[in-house]
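# A closer look at the structure
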Amino acid sequence: MMRQYLEVKAERPDCLLLMRMGDFYEAFLADAVELSRITGVALTSRNKDSDEPIAMAGVPHHSLQGLLPKLLASGKRIAIMDQLEDPKEAAKDGRTLVRRGLARVISPGTLIDEMDSPAANHLVALTASDGVFGISALDVSTGRFAVEEISSATQLSLALARLQASELVVPETLRDDPAAMERIASALAPSGLPVVSTLPAFAWKAADARRFLGERLRVASLDGFGIDAADDHLASAAAAALRYAEGAIRHASDDSGQRRSLAHVRTIVRAHHAEYLVIDAACRRNLDLLRNSRDGGRDGTLLAAVDRTRTAPGARLLAEWLSRPLARVAPICARHDCVAALIASDRLRSDLRDALGAVYDLERLLSRVATQRCNARDLVQLSASLRAASAIRSLLSASKLPDLLTQAEAALGTDAELADEISTLLVEDPPIAIGDGGMVRDGVDRELDELRTLRSDAGAWLASYQLREAQACGLTKLKVGYNRVFGYYIEMSKANGDKVPAHFVRKQTLVGAERYITPELKEYEDKALGAEDRIRTRELALFTALRDRVASSVAGLQECASALAMVDVIAGLAEAARSHDWCRPLVDDSQVLELVGCRHPVIEQAIGRGRFVANDTALHAGSISGDHPRLAVITGPNMAGKSTYIRQVALAVILAQAGAFVPAASARIGVVDRVFTRVGAGDELARNLSTFMVEMAETAAILNHATRRSLVVLDEVGRGTSTFDGVSLAWAITEFLHDRIGCRSLFATHYHELVDLAIDRPGIANLTVSVAEQDDDVVFLHRIVPGAATKSYGIHVARLAGVPAAVVARAKEVLATLEQLNVSLTERERPTVRADGMAAPIQLTLFQAQESAALQRLKATDLDAFAPRQALDLLYELKAMAAREAAARSDP
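About the cut-offs
- Residues numbered from 1 in each chain as written.
- Predicted model: local features only at pLDDT ≥ 70, side-chain atom pairs only at ≥ 80, totals over all residues.
- Heavy atoms only, no water.
- Helix = DSSP H or I, 4+ residues; strand = E, 2+ residues; numbered from the N terminus.
- Buried < 20%, exposed > 50% of the residue type's maximum accessible area, 1.4 Å probe, protein only.
- Contact = heavy atoms within 4.5 Å.
- Areas by Shrake-Rupley, 256 points an atom, 1.4 Å probe, with all protein chains shown as cover.
- Salt bridge = Lys/Arg side-chain N within 4 Å of Asp/Glu carboxyl O.
- Axes fitted to C-alpha atoms, helices over the stretch in contact; angles between N-to-C directions.
- Left-handed = near helix turned anticlockwise from the far one by under 90°.
- Nonpolar A, V, L, I, M, F, W, Y, C, P; charged D, E, K, R; others polar.
- pLDDT = per-residue confidence, 0-100.
- Phe/Tyr/Trp six-rings, centres within 6.5 Å; stacked < 30°, edge-to-face > 60°.
- Lys NZ or Arg CZ within 6 Å of the ring centre and 35° of its normal.
- Arc of directions from axis to C-beta.
- Core = buried A, V, L, I, M, F, W, Y, C linked by side-chain atoms within 4.5 Å.
- Parallel < 35°, antiparallel > 145°, perpendicular 65-115°, else oblique.
- Pairing = 2+ DSSP bridges.

Per the secondary structure count, the protein chain includes 31 helices and 29 strands. The proportion of buried residues among the 892 residues of the protein chain is 48%. The contacts in the protein chain between residues at least 6 apart in sequence include a share of 67% that link residues at least 24 apart. Accessible surface for the protein chain amounts to roughly 42000 Å². Of this, 52% is attributable to carbon and sulfur atoms.

Turning to the side chain of R353, a few remarks are in order. Examined against the element boundaries, R353 turns out to sit in helix α14 (residues 346-356). For R353, the contacting residues outside a window of four places in its chain are R308, R310, A571, G572 and E575.

In this section: unusual backbone geometry. Located in the positive-phi region is L29, a residue other than glycine, with phi close to 55°. As for its position among the elements, L29 is in helix α2 (residues 29-39). L29 gets classed as partly exposed once you look at its relative accessible area, which sits at 35%. The phi torsion at R218 lies on the positive side, around 60°, for a residue other than glycine.

What follows covers the pattern of salt bridges. The tally for this structure, following the rule as stated, stands at 48 salt bridges. Linked through salt bridges whose partners overlap, the residues forming this network are D346, R349, R353, E575 and R578.

Right, let's talk about the packing of helix α19 (residues 446-456) against helix α21 (residues 519-551) for a bit. Packed helix pairs are specified by the crossing angle of their axes together with the interaxial distance, meaning the distance between the axes. Where α19 contacts α21, the two axes come as close as 9 Å, and the packing angle between them is 145°. As α19 runs across α21, the sense of the crossing is left-handed. Two secondary-structure elements touch here, α19 through E447, L448, L451, R452, L454 and R455 and α21 through Y524, K527, A528, A531, E532, R534, I535, R538, E539 and L542. In terms of residue class, the contact of α19 with α21 is made up of 8 nonpolar, no polar and 8 charged.

Summarising the element assignment, D208 is placed in helix α8 (residues 206-217). For D208, a relative accessible area of 27% puts it in the partly exposed group. Measuring from C-alpha to C-alpha, the distance between D208 and A239 comes to 8.7 Å, with 31 residues separating the pair along the chain. In contact with D208, other than residues within four places in its own chain, are F202 and R243.

A word on the confidence of the model for the protein chain. Residues with a pLDDT of 70 or more make up 90% of the protein chain, whose mean pLDDT is 84. Here residues 251-259 scores under 50 on pLDDT; set against residues more than four positions off or in separate chains, the count is 19 contacts.

This paragraph deals with the packing of aromatic side chains. Within this structure, the stated rule accounts for 3 aromatic pairs. With a centroid separation of 5.0 Å and 85° between ring planes, the pair formed by Y5 and F28 is classed as edge-to-face. Of this pair, Y5 sits in helix α1 (residues 2-11) while F28 sits in strand β2 (residues 24-28), and the two are 23 residues apart along the sequence. Looking at Y5, the relative accessible area reads 1%, which means it is buried. Look at Y488 and Y524: their rings are 6.0 Å apart centre to centre, the planes differ by 65°, and that puts the pair in the edge-to-face class. Placement of the pair is Y488 in strand β15 (residues 487-493) and Y524 in helix α21, with a sequence separation of 36 residues. On the basis of relative accessible area, Y488 is assigned to the buried category, the value being 11%. By relative accessible area, which is 7% here, Y524 ends up buried. One Lys or Arg, R20, reaches over the ring of Y25 and ends 5.5 Å from the middle of that ring.

To continue, consider helix α17 (residues 403-411). Every α-helix winds through 3.6 residues per turn, so residues three or four apart in the chain are directed the same way. Buried residues of α17: L405, A408 and E409, and no others. The arc enclosing the buried residues of α17, seen along the axis, measures out at 105°, which places them on a common side. Away from the buried face of α17 by more than 90 degrees, exposed residues D403, Q407 and A410 are located.

With that settled, consider the nonpolar core. The nonpolar side chains of a soluble globular protein tend to be buried with one another. If you look at the biggest cluster of nonpolar residues, it comprises 114 residues, and the most contacted ones within it are L379, L382, I392 and L564. Top element by residues in this core is helix α22 (residues 554-580). It accounts for 14 residues. Dropping the residues within four chain positions of it, L564 is found in contact with L356, V359, L362, A389, I392 and L412. Ranked by size, the runner-up nonpolar core spans 35 residues in total, among them Y25, L35, V59 and L64.

Turning next to the packing of helix α13 (residues 329-344) against α22. One can describe the packing of α13 onto α22 by two numbers: an axis separation of 8 Å at closest approach and a directional angle of 60°. Compared by their axis directions, α13 and α22 come out oblique. Pair α13 / α22 crosses with right-handed handedness. For the pair α13 and α22, contact is made by C338, V339, L342 and I343 and by I570, A571, L573, A574, A577 and R578, respectively. In terms of residue class, the contact of α13 with α22 is made up of 9 nonpolar, no polar and 1 charged.

Attention shifts here to the sheet that holds strand β20 (residues 615-620). If you walk across this open sheet you meet the 4 strands as β18-β22-β19-β20, and the pairing is mixed. At either margin of the open sheet sits one strand with a lone partner, and together these are β18 (586-588) and β20. Shown here is a sheet whose adjacent strand axes are inclined to one another by a mean of 10°, direction ignored. As judged from the 3 bridges shared by β18 and strand β22 (residues 666-670), these two strands associate in the parallel manner. Looking at β22, one finds that V587 is bridged to I669. With respect to the sheet, helix α24 (residues 642-658) is in contact with β18, β19 (592-598), β20 and β22, its orientation differing from that of β19 by roughly 110°.

Here we have 6 strands laid out as an open sheet, ordered β11-β10-β7-β8-β9-β12, and mixed in their pairing. Each edge of the open sheet carries a strand with a single partner, namely β11 (195-199) and β12 (269-270). Across 3 bridges, the pairing between strand β7 (residues 123-129) and strand β10 (residues 167-171) is parallel. Paired with L123 across the strands is E167, a residue of β10.

Let us look at the pairing of β20. Where burial is concerned, the two faces of β20 differ: the one with N615, T617 and L619 is buried and the one with D616, A618 and H620 is not. Alignment of β19 against β20, held across 5 bridges, turns out to be antiparallel. Bridging from a neighbouring strand, L595 pairs with T617 of β20.

Listing the buried residues of α1 in full gives M2, Q4, Y5, V8 and K9. Buried positions in α1, seen along its axis, are confined to an arc of 160° and lie on one side of it. Exposed side chains of α1 directed beyond 90 degrees from the buried face belong to R3, E7 and A10. Next to the buried residues of α1 lie β1 (15-21), β2, α2, β4 (54-60), β5 (77-83) and β6 (100-106).

This paragraph deals with the pairing of β5. The element β5 is extensively covered by neighbouring structure, given that 6 of its 7 residues are classed as buried. Pairing of β1 with β5, which is carried by 5 bridges, proceeds in the parallel orientation. Bridge pairing in β5 places C15 opposite R77. Where β5 and β6 come together, 6 bridges link them in antiparallel fashion. Following the sheet pairing, A79 is matched in β6 by V105.

See below:
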């Protein structure tokens, strides 16, 4: 047994190896120590009395799936050894050791039935050729497979941020190139570094890759997938991902290690960047699109606010739409048409959503069928999903609907007999394990019914047999029993030994009795005991035939699953729009961005619509007039809603171009090619980047890549350095956005100096947030209006946050001093006298006020003792001193 274990361990030294032994998966030696350390299972040993005891740790086979996330999160790959034969077959051959072999390798990117989240799980393969990257993304759990060409490090970062790869596969030669891996690590940094795996160089050769993909996908050419003769890098990346995934999945029943085909991976989709709105990692993080910035969870995200889907494939598709909105007017409007159609018919929308509630995760069910990992319960769920699909098709066919929904209706035309075959053969609630029996209904297979009858009639037959033999022996009662060691037997007391018939054969002697067997009882034993095994064997054969029947229809069923997902997303978007009174946006090729009564979808749902203050936005990238500005500078108090306002505009654009309605009274949106955000503050110590450096890096990316069609959202740029530096940078950035790029932009700031930009630039508008102030109390009205703020109410916010009263009071004193001296809380220089007699700059002390010489002279003078002429001379003296001090302040 250890030889078996060590042979496979030598084949996969990079994996934590678990071997099936009865009802447990066991690890040995160093792997046992690791398993115990990571999961907390007990660590024990075999051969304890020897000089070299063997460390051992194990988990019940049914508990393994629950431990996989913890093992994978620790960076481990898990190799699974399974039994390759039935132990009874080994016993027939006189062997005590069951043959075992490598059944599968589990890594973060190759999960199938182990997924406990409906989210997509991407295995990404990456290769480079002549400065161009080929990237492929395969979701093994659903069969979705895409490739795209990446021409720059920036595009690579965008793609990896969007895909959120669970595992990255690269050529061995690339991993051995520190410079190349540094570029990849830099591109991955904003979204996090996944597990990195490698394949040898020969697995990436273009000619072999094309041949492999052609054979695997059953096509003569890859041109139909958009991979032409010049796209060797795409073919290499696609083949590598598929090879890696298939290499991780093997036939557990085949000791030859024959690799199992991922039959549900049937096509490749090539993505083109120009068709989609670009959203980088910083923007996804700042806007909380799919994951919140607090703990990486779903709460508080745009996805959570919009998601009304009823199925797992629908939830994945919605996340994909939000993560990669469209950038072409026609397909955007096609989605809007469908959402509008379902909003217009409450009854149809409700019926569709009710029917969708009966649909299981059809994509992942089909992946388990294709990889022969499904059980009877999976097929029952598949049958229920197909019946729901039929009902949904009937609902769609009864109405005149837009093209996308009509196409979905056509794709829902599945094999109607398949659902009937499944429900006819399998019970409604079958056991999970297919080897335990109890899956197949009575009355569907004659052989199975006979075996079950034999098993169920055992009691009646034994009672009849017992009565016959008792009468033959002249006894009123005879005991017929059974145990696992001797099987069926007849027991008679030794006192009745003279009544034992000749056909009784002694089998066992007890203290006060003898046990016998007869030819008839032995024949029945063979039938009865063999019936249970034969029942399980027959049920498994019937199940396997049904599974193969389903597998032969995978292609059509996948089209059905995709259509159901789209119907689910559209119905969910319609439900969200109807529930929250969202409007259909007018999306066109203009450079306009007009939102009337716009709200933040996440915050509105958190606090209630009646409490949220809606605001308007009007920007026009093609205009430089004050009536239609291209850039708005928003000033106003802390906590008044500036950040919420600029974020809600960005979210409205993303929703509109994803195909959803938007939270506004009306909206007109000229297609945006890219959304940029510079919001929030935080350092990246692992990359040796300070808070201000991160801020400037993100700002640089905006200024270098924004176009006239982009939307730029900036919040407090420049605050991470001194005030003068910050104001200067903010001023220059605003000028650059307006003068050079000319895109639609929103800039929220506390640098009130920026409002002066609107004086000679009519394309810049000043906006502020309304405030109601009375005595020492301030009420933020959250209303965005034309104009500029005069102060930021930071001390008021500090008081609301619970800053001690003494600190708040002192801050007010300092503020009053600063306002009186007409300086700000920053470096301000004035001359003093150095030791050499020359003027030298020093920093003005703001928190310990320094009196002027004139004031000190005045305080030291006894005015009552002065004659009129002396008083006049003092006045001239003080005037001269004040003039000198003023000159000193103005000439550093």
